[in-house]
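# An overview of the molecular structure
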Amino acid sequence: MARYTGPKSKIARKFREAIYGPDKALERKNYPPGQHGQSKKRSKQSEYAVQLMEKQKAKYIYGVLEKQFANLFDRAHRKHGITGENLLKYLEGRLDNTVYRLGIAGSRRAARQIVSHKHVTVNGDVVNIPSYALKAGDVIAVREKSKSLEAITEAVATTKVDKYNWLEFDRSAMVGRFLNHPERSEIPENIKEQLIVELYSK
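First, a word on scope: everything that follows refers to the structure included in this document. These numbers come from a predicted model, not from an experiment.

Along its length, the protein carries nine helices and five strands. Secondary structure of the protein in N-to-C order comes out as α-α-α-α-α-α-α-β-β-β-α-β-β-α. A burial count over the protein gives 41% of its 202 residues as buried. In the protein, of all internal contacts separated by at least 6 residues, the share reaching a separation of at least 24 is 56%. For the protein, the computed accessible surface area is about 11,500 Å², with 48% contributed by carbon and sulfur atoms.

Given below as structure tokens:
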């Protein structure tokens, strides 16, 4: 399963955002990595560079590599509606992201591992594909024999899922439901999706 496995703090500093959650390194050094990171004479970024950075940020946030991201964008472009918003809806509808949003995992990286290790079912069937695209009404649950795993029980005990209107979750049964794809206003990620659309339109 291809995924980014490099240093997380370096990526957070690159975008000056806590992409992977609270980060002490980012708090101490809130400037890009590298020997010129603190320089006030950093050249102004071109329009293309700004657009590319936004695409890279979205890829790192959701843990998606280039080919998958391009395929999702193509689907979003062909679907009726606003392309950028469609793209974010598809990213939110991935199984690994939903497992993270439900609170079954503490991070998207952990959610990807939980899914790939066959700890999660969709509509009663085991699914080990993190990129699996959920549909409205799909039921996501932790397998019975996996409910005692420490990583899962700790995440479920400390995560609040009621802040996401497009999800339902029964904490005691560890069963959730993907009600629908969220509206753009409901997605909390700081992504300027129009810049990504402009980049792919070149």
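Moving on from the model shown.
Moving on, we get to the side chain of Asp96. Turning to its location among the elements, Asp96 is positioned in helix 6 (residues 95-102). Residue Asp96 is classed as buried on the basis of its relative accessible area, which comes to 1%. Non-local contacts of Asp96, meaning those with residues more than four positions away in its chain, are made with Tyr62, Ala111, Arg112, Val115 and Pro130.

In strand 4 (residues 167-170), alternate side chains face the same way, and those of Leu167 and Phe169 are buried while those of Glu168 and Asp170 on the opposite face are not. Relative to strand 5 (residues 175-178), strand 4 is paired through four bridges, and the arrangement is antiparallel. Residue pairing in the sheet places Asp170 in a bridge with Val175 of strand 5. Linking two consecutive strands that pair antiparallel, namely strand 4 and strand 5, is a turn of four residues; a positive phi of about 55° is found at Met174 within it.

Calculation rules
- Residues numbered from 1 in each chain as written.
- Predicted model: local features only at pLDDT ≥ 70, side-chain atom pairs only at ≥ 80, totals over all residues.
- Heavy atoms only, no water.
- Helix = DSSP H or I, 4+ residues; strand = E, 2+ residues; numbered from the N terminus.
- Buried < 20%, exposed > 50% of the residue type's maximum accessible area, 1.4 Å probe, protein only.
- Contact = heavy atoms within 4.5 Å.
- Areas by Shrake-Rupley, 256 points an atom, 1.4 Å probe, with all protein chains shown as cover.
- Pairing = 2+ DSSP bridges.

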